[in-house]
Structures are given as structure tokens and as C-alpha cells.
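# Coordinate inspection notes
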Amino acid sequence: MSDIILTTFNARYTHASLGLRYLYANLGTLQPQAQIMEFVIGANIPECAEAILAKKPRIVGIGVYIWNALEVQALIKLIKQVAPYVHIVLGGPEASYMPHRVSFDEADYIIQGEGEIEFQKLCTALLDGEPPQKSFIKANPVDMKSVILPYEAYSQHDIAHRYCYVEASRGCPFGCEFCLSSLDKKVRDVPLEKFLKELEKLWVRGVRNFKFIDRTFNLDINTASRLLDFFLAKDGEYFVHFEVIPERFPPELRERIARFAPASLQLEVGIQTLNPHVAKAIHRRLNMPKIEENLAFLQQKTKAHLHIDLIIGLPGESVESFADGLNRLYALTQCEIQIGILKKLSGTTLSRHDEEFGMHYSHLPPYEIMQNNLIPFAFMQRLKRFARFWDMVFNSGNFKSSAPLLWEDGDVFGGFLSFSDWFYAKTESTWQISLERLAKLVLEYLLTCKGQNESKVREILINDFLAVPGRKLPSFLKSNVSIQNQKPKKIAQGNIRQRRHTPKES
């Protein structure tokens, strides 16, 4: 039995909530009465509620984010129906900022801001029978020098099966309007020696996947260098992820990054747009000469895996401008280019552009852009499919040599948009498409729409498949029968009715 349950719905099973572990670590004498229970979006809500209530809690604290707001809403409603005596406390970015776009009215308390200290105070008051009168509790930013770090709360199961999220700092000095981190202008560092000791403890326990959530890892060059040195001194295989400022790679960082072995270091580079006018309008700093220089270095002189972010739908960015940005980025580096759809996060100042640029967003999480005065709804839908298929074909790495055949003329955006439109017309789906079916359709498109040489394309696709150890070739690549000469199979008359009611092939 546990008086306090800390819970949330993670986006994936491999994710672990750092926020819940911070709350747990700072409960003080209440910690023995608390337990963390994590679920995944899409889970059965009654079963989640059943599991929580089986612990007989008096308080349920829930972390609310853009990806799980609807699940949280349903969980609150169900718990209040069957166990109205349970105190429900919400925290996290989607609960912290008003007005709420998903109703959380049935929750008892909402902690707005960083809740490590306030959650402990609230739980103490509730368990002592002295509930506060105010349902909204504003929490001040915590002192990173005194807050208890949460890493002991990672279980051995977490270490074996999940990413371990860590942070050396909070806040961001930049003012990008689409990002919640821009609200916290002051960067607050965890004392470096204290943090390095925690990293060492995690390493000794067997952690080999570290994802830093700092928004500006390379802001402080001394701290960044010390952290890189920590990992460079380690033997064996590991994976570490940092989010970096694209303009800031002085010689001391370059020298260290160049020493990392393949597959051990991933750098997420937030570009978002290459249009200087768009960047300026959303308070995004953009020093393109420096960015180009640094990307060239990272691409040519290091073995780091690069993950570069671009956003579709920013105020003032046309299709032509986005296309130019994608083409330029691809010319600079053939790394993973993550194409995101603009989301209107609660608490940001992005809404000031709504009238000028005709910005319309979905009313449902994750509040993606639906259209603006430069990209109508129908074309925005095409771009969203483009982003999905780009992930499946290009970012997946499954078509490393064959994907560039889709844009042999050098127009990456135009070439892939044509493929994306054709692919959707064929499948009428953006999900549950198997790798074999995807590869077969890539082959068909290259032969029938691009007029590529079949033997050449087959050889490239075969090499792409065999580049992954242990992967078997699909039957259509083993066959010598030309895909262009294959005739549609006849369907037996007696099966027509049944096949009309069969779901699409995945």
C-alpha cells in the first residue's frame, strides 16, 4: 500500500519520467509512503486506474504533458467517479499554463512550475489533514544547488530497458517563441562535481544510455568539456545524447567530439528554419555562416550522429522557404533531418502571430498548426504526410543509398513531395506500413515514375537491406521477375465480398 502514487503516461515504454523521479527524490520523510507507477499513452485507462487504486492511495500526483493530456483527463474523471476521496494533484507544462485547452477541472490541486518542493509541502499538509484552500499553487524555480537529484530512483529495470534522462542545467538564455524553455531566461546549473558523482553512480550501476535534456549543452564550454571528458574516459560501448547550440563549437569542443567512436554520440542541432526573416520574427538566433561551418565540421571530421530539427508552419514561412531550407540542409549534411510540425504550446507567446499570419491550430493535443495564410489546410496535410514518410524512408536509415534516387535532380523537397503524394495515393495510410511493403513501393515508384534502371535499383535496395546485420531479404528482392511486368492477381469471385471488408495490408 502507498499513500502517495506518482504517475504519468510516457510517450513510449523506453522513456522514463525524470519529473516523477525528481518529485519522489524530494519527498523527504514521506518517501517510504510513495511509489512511482508509469504507463504509456494508448493504455487502457480503466486498467491504469485499477492498478493505481489497488495501492489504496490518498494522493495521486500526475505529470501532464502535451502528448498525454487526454489520457490524464480520462484518468482523473474515472478516479473521481469511483474513488472521490483520493486527492488528485497535477503538475507539468500542460497543467501549469492557463487557459487549459483540455479540462482538468476535476483535479483537486495544480502545481504550476517546478514542483519538487511544493509537492512535498502539499502532500504533508494533505496527509496531516490540513488541506490548503487554494487549488492552484505557484511554485518558484528550485535551487539546483540544494535540490536532491533523482537518479537513485532509476530502478535496475529502468537501467536495463529504458533511456536514463539526466540534466546538468535548466533554462535557456534564448527567446524562441515556440519553445517553453524560452520562458526561463536564466540558466541554472547543477553543481558540476555533484552531477559528475551522480553520473559515475549511474555508470557503475550499468547505465549505458544517457539522454541529456539540457536545452543548451554547449553554452558553458568548461562544463561541456568536463562532461565529454567523463564519457571519453570510459571503456566499452555507450550512447549519449546532447542538444546543442549550432553556432557554438570552439576548438576545445571540436577536439573532444572528434574522438568519440561511431554510434556513441548523438547531437541534436536545433536549426528550425534557415529563413533569417522568419527566425527574427520568432526571436530565433540564426548565424548561418557559423552554422554552416560547424555542420561541415561535424559531418566531415566527426563520427557523431547528427539529428537536425526543421519546423513546418512557422509564422511567415512559405512552402518555398521551407523547401529551400531543406534543400540547403541536405546539401550541407546527409544526417538525420527531423521535420517537425509547429505546435502551439501553452505558455508560449506564439499566439501574437495568429492574426497577422492567419495561424489556425488544432484544438486537440498536440495542438499542431492546421493552416496559415501561406499554407492552406490541404497543402498542410500534404506536408504532414511528407514529414511522416520522410521519417520512414530517410531518417530510418533503412534506405540510405536508395532514398537519394527519389531526388536525383538535386531538388530534395520537390522529389520527395512527389513520392509522398504518390505513396499516400497508393496506401491511403501513414501508419502500420511494414518495411517490406515500404521497400516494394519505393522500388515500384523508382521504376514506374522515375524511369530508373531496374537491375540498378534492385542492387541498391539489396545493399541497403543487407547493411543491417541479420536482416533477411524480402522475397520480392530475391525474385528475378520484373516488378514492372507483374500482373495483378485475379481474385476468386467468391472472395470478393470478404476482401472488401478486410483491413488494408500493413
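Heads up: the structure comes first, above all this text.
Residues numbered from 1 in each chain as written. Predicted model: local features only at pLDDT ≥ 70, side-chain atom pairs only at ≥ 80, totals over all residues. Heavy atoms only, no water.

Comment: phi is negative for the bulk of residues other than glycine, and the bulk of peptide bonds are trans. Of the consecutive residues Met98 and Pro99, the connecting peptide bond is found in the cis state with omega at -5 degrees. Within the secondary structure, Pro99 sits in the loop between helix H4 (93–96) and strand S5 (109–112). Note that the residue after Pro365, namely Pro366, is joined by a cis bond; omega there is 10 degrees. A positive phi angle is found at Lys56, which is not glycine, with a value near 55 degrees. The residue Glu428 is not glycine, and still its phi comes out positive at about 50 degrees. Inspection of the secondary structure puts Glu428 in the loop between helix H15 (412–427) and helix H16 (435–448). Judged by relative accessible area, Glu428 falls into the exposed class, the value being 54%. (Helix = DSSP H or I, 4+ residues; strand = E, 2+ residues; numbered from the N terminus. Buried < 20%, exposed > 50% of the residue type's maximum accessible area, 1.4 Å probe, protein only.)

Moving on: the pattern of salt bridges. Taken as a whole and assessed by the stated rule, the structure comprises 30 salt bridges. The partner of Lys121 in a salt bridge is Glu118, and the shortest N-O contact between them spans 3.8 Å. You can see Lys121 and its partner Glu118 sitting in helix H5 (residues 116–127), three residues apart, about one turn around the helix. Residue classification places Lys121 among the partly exposed residues on the basis of a relative accessible area of 48%. A salt bridge links Glu293 to Lys290, with the shortest nitrogen-to-oxygen separation between them at 3.8 Å. Highlighted residues: Glu293 and Lys290, both in helix H11 (residues 288–301), separated by three residues, approximately one helical turn. Salt bridges sharing partners connect three or more residues here, namely Glu114, Glu116, Glu167, Arg170 and Arg188. (Salt bridge = Lys/Arg side-chain N within 4 Å of Asp/Glu carboxyl O.)

Once that is clear, we can look at the pairing of strand S10 (residues 209–212). Inspection of the sheet shows strand S7 (residues 164–166) paired to S10 by three bridges, in the parallel sense. Counterpart to Tyr165 in the pairing with S10 is Lys211. Pairing geometry for S10 and strand S11 (residues 239–244), over three bridges, is parallel. Looking at the pairing, Lys211 lines up with His241 of S11. Of the crossover connections in this fold, the one passing from S10 over helix H8 (residues 221–232) to the parallel S11 is right-handed. (Pairing = 2+ DSSP bridges. Right-handed = clockwise from strand over helix to strand, strands pointing away.)

Let us look at the sheet that holds strand S6 (residues 136–138). As summarised here, the arrangement of the six strands in space is S2-S1-S3-S4-S5-S6, forming an open sheet in which the pairing is parallel. Either end of the sheet is taken by a strand with one partner, and the two such strands are strand S2 (34–40) and S6. Averaged over all adjacent pairs, the angle separating strand axes in this sheet is 20 degrees, with direction ignored. Bridging between strand S1 (residues 4–10) and S2 involves seven bridges; their strand directions are parallel. Residue Leu6 lies in a different strand from S2, and its bridge partner there is Ile36. Strand contacts of helix H1 (residues 18–25): S1, S2 and strand S3 (59–63), with the helix running at about 175 degrees to S2, the strand carrying the most contacts. (Axes fitted to C-alpha atoms, helices over the stretch in contact; angles between N-to-C directions. Contact = heavy atoms within 4.5 Å.)

This next bit is on the packing of aromatic side chains. Applying the stated criterion across every chain yields a total of 33 aromatic pairs. Between Phe416 and Phe419, the aromatic rings sit 5.5 Å apart at their centres with planes inclined by 55 degrees, giving tilted as the arrangement. With Phe416 and Phe419 both in helix H15 and three residues apart, this pair spans about one turn of that helix. The exposure class assigned to Phe416 is buried, which follows from its relative accessible area of 0%. Overall, Phe419 belongs to the buried group, its relative accessible area being 0%. Above the plane of the ring of Trp203 lies Arg208, whose end atom (NZ or CZ) is 3.7 Å from the centre. Over the aromatic face of Tyr163 sits the side chain of Lys211, whose NZ or CZ is 5.1 Å from the ring centroid. (Phe/Tyr/Trp six-rings, centres within 6.5 Å; stacked < 30°, edge-to-face > 60°. Lys NZ or Arg CZ within 6 Å of the ring centre and 35° of its normal.)

Interaxial distance between H16 and helix H17 (residues 454–466) falls to 10 Å at its minimum, and their mutual angle equals 155 degrees. Between H16 and H17, the angle falls in the class roughly antiparallel. Crossing of H16 over H17 shows right-handed handedness. Each of Leu435, Ala439, Leu443, Leu446 and Leu447 in H16 lies in contact with H17, whose residues at this interface are Glu454, Val457, Arg458, Leu461 and Phe465. (Parallel < 35°, antiparallel > 145°, perpendicular 65-115°, else oblique. Left-handed = near helix turned anticlockwise from the far one by under 90°.)

This part covers the side chain of Glu71. Counting through the fold element by element, Glu71 comes out in helix H3 (residues 69–82). Despite its burial, Glu71 remains without a salt bridge, the nearest opposite charge being carried by Arg12 at 13 Å. A polar contact of 3.2 Å, which involves the side chain of Glu71, links it to the backbone nitrogen of Gly42. If we skip the residues at most four places from it in the chain, Glu71 touches Phe9, Ile41, Gly42 and Ile45. (Lys, Arg positive; Asp, Glu negative; His and termini not counted. Polar contact = N/O pair within 3.5 Å; in protein donor to acceptor, adjacent residues only side chain to side chain.)

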